[in-house]
Amino acid sequence: MPVSAVATDSAVCAPLPVLGRDVLVPLVTGGEVEYAALDIAASAPALQRVWDDVAAYAPYYGSVHRGAGYLSQLSTDLFENSRAEVAHFLGVREGDQVVFTRSTTDSLNLLAAVLPADTRVFVFETEHHASLLPWEQRADVEVTYLDAPRTPEQAVDTLERALAEREPYRHALVCVTGASNVTGELWPVRELAAAAHAHGARIVLDAAQLAPHHPVDIAELDVDWVAFSGHKLYAPFGAGVLAGRADWLQEAEPYLAGGGASRTVARRADGGVDVEWHTTAARHEAGSPNVIGAYAIAAACKALTEAGFENLVAREQHLVERVRAGLAEVPEVSVLSLFGDDAPRVGVLSFVVRGWNSSHFAAALSAEYGIGVRDGLFCAHPLVRTLLGAESQAPGECGAPEGAPGEKSLNAIRVSFGAGTPDEHVDRFVRAVKELVADGARWSYRTEDGRCVPDTAAA
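Heads up: these notes are all about the structure in this document. (Residues numbered from 1 in each chain as written. Predicted model: local features only at pLDDT ≥ 70, side-chain atom pairs only at ≥ 80, totals over all residues. Heavy atoms only, no water.)

**Re the nonpolar core**
Our working definition: To qualify as a nonpolar core, a set must consist of buried Ala, Val, Leu, Ile, Met, Phe, Trp, Tyr and Cys residues joined through side-chain atoms within 4.5 Å. Exposure classes here rest on a 1.4 Å probe applied to the protein chains alone. A residue is buried below 20% of its type maximum, exposed above 50%, and partly exposed in between. In this description a helix means any DSSP run of H or I spanning at least four residues, a strand means any run of E spanning at least two, and both kinds are numbered starting from the N terminus. Note on contacts: a residue pair qualifies if any of its non-hydrogen atoms lie within 4.5 Å across the two residues.
The biggest cluster of nonpolar side chains holds 85 residues, and the ones touching the most others in it are Leu90 and Phe228. Per element, the largest residue contribution to this core is 10 residues, and it comes from helix α9 (residues 291-307). Sequence-distant contacts of Leu90, that is, excluding residues within four places in its chain, are made with Val216, Asp217, Ile218, Val226, Phe228, Val241 and Ala243. By size, the runner-up hydrophobic cluster in this structure holds 33 residues, among which are Tyr369, Val373, Ile413 and Val430.

See below:
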């Protein structure tokens, strides 16, 4: 079964304070309204506590690992303590490494770079492009793409059959998401990990959408690596994490060559240089590290842990049910799902509205109601095409809402929320969906640079 959700209790906790909670945005129909940030699957607003922690440290910023001065030593301690905090958050095992990267995408590209030669990677077509595409960059690595499963059990069965039938490669890696960035559905991570290990394969978990909503424990899930991004975990500043087994990381050439990754460098008699590389996480962290980004991630990990994931999950499930119940009352709305309506999910839902171009609908939500959602294929093109029953080459760009049939776009609308989302924001969203479907948009829209935007000439 997938990672289970905690029982719903709407009174468990209040929204966590986030930046931008009371920002006012203009409406094309006149006036202003508090912005409803319902696109946190793309980037979550920073927790107020994270921002305060970073601001408190900022005057003491200094170089990391190299300086003898007080601020340098303080920053070095902060950076390495941040690594320890992330390790605690993820429940890493003895001997595991926590490597700071730029993002989930960077983390998975790092792992792709350190794969031993003759590795075969198994990845479902349902993955975000960050976990679907990096493996193709290696000429000596083979990739097997697995069809979209329609139940968690089918996912496990599909993987088991693929692993059992694979050619005798020395190494195999399975890459799987913890929660879909399109449907929000939870994947059967433990069962997939068990299947991978039973067939001598390793597994990496893309936790970009799981970690902000649900506890992630490497040892409990029995995965080999976890990758996630700070900007989805309520921590800005462009940092990410790859955590897990150290052996492939230690044996591979550094992801980037340069200062910090090297332990010693010496000239040879023939004019070249000999390099001894670090075997710690520093091996793949060349250059001056993003200490503020790392500290922001650690601060977010600590804040979410202290808030209590049981409480956070319970409240989020309360919001999920409110959105699902509201959308179910609109016959024109179809919510996208792989595993069915009853599948456990985090606060991410995608849908289409009959008779509407999704770009037009999302633009109206923003311009007329102050609600920020996302439309498109969500960097998961094969999955969205499968869910919409479209051909693999169907157009995926935004199209004009009044365009000819051949110009209509293939896309959907995604609403996403989490620890900082007030009830009023999701209630306003449901009300706006109902009003737009029933009454239509109150403003005219046009296409500009591929985006549907309010037509200012209509003012």
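After that view of the structure, there is still more to cover.
**Re the packing of helix α11 (residues 358-369) against helix α13 (residues 423-439)**
Filter applied, for reference: Each axis is a line fitted through C-alpha atoms, and for a helix only the stretch in contact is used; angles between axes span 0 to 180 degrees, taken between their N-to-C directions. Note on convention: near helix rotated counterclockwise from far helix by under a right angle means a left-handed crossing. Clockwise means right-handed.
One way to put it is that α11 packs onto α13 with a least axis distance of 11 Å and a crossing angle of 115°. Crossing angle aside, the handedness with which α11 passes α13 is right-handed. Of α13, the residues touching α11 (which contributes Phe361, Ala364, Leu365, Glu368 and Tyr369) are Arg428, Phe429, Ala432, Val433, Glu435, Leu436 and Val437.

**As for the side chain of Thr421**
The test is simple: Polar contacts here mean pairs of N or O atoms no more than 3.5 Å apart (in protein, one a potential hydrogen donor and the other a potential acceptor; neighbouring residues in sequence count only if both atoms are side-chain atoms).
With respect to the helices, strands and loops of the structure, Thr421 is situated in the loop between β17 (412-416) and α13. Among the polar contacts listed, one links the side chain of Thr421 to the backbone nitrogen of Gly418, at a separation of 2.9 Å. Once residues within four sequence positions are removed from consideration, Thr421 is found in contact with Pro15, Leu38, Arg315, Leu319 and Val426.

**Some details on the sheet that holds strand β7 (residues 171-177)**
To be explicit about the condition: What makes two strands pair is DSSP finding at least two bridges between them.
Here seven strands make up an open sheet; going across it, the order is β4-β10-β9-β8-β7-β5-β6 and the pairing mixed. The open sheet has two edge strands with one neighbour each: β4 (97-101) and β6 (141-146). Taken pair by pair, the neighbouring strands of this sheet meet at an average axis angle of 20°, ignoring direction. Of the pairings in the sheet, the one linking β7 to strand β8 (residues 202-206) comprises five bridges and is parallel in character. Pairing of Thr177 across the sheet is with Asp206, part of β8. On the sheet, helix α3 (residues 104-114) packs against β4, β7, β8, β9 (225-229) and β10 (240-244) and is oriented at approximately 150° with respect to β9. In this fold helix α6 (residues 189-198) packs onto β5 (119-124), β7 and β8, with an angle of close to 155° to the strand it touches most, β8.

**Here we look at the pattern of salt bridges**
Formally: Only one rule defines a salt bridge in this text: a Lys or Arg side-chain nitrogen within 4 Å of an Asp or Glu carboxyl oxygen.
Applying the stated criterion to the full structure yields 28 salt bridges. For Glu306, the salt bridge goes to Arg49, with nearest N and O atoms at 2.7 Å. Linking Glu306 in helix α9 with Arg49 in helix α1 (residues 48-57), this pair joins segments that are 257 residues apart in sequence. Note on Glu306: relative accessible area 52%, which makes it exposed. You can call Arg49 partly exposed: its relative accessible area is 33%. The network of salt bridges with common partners includes Arg202, Asp224, Arg245 and Asp247.

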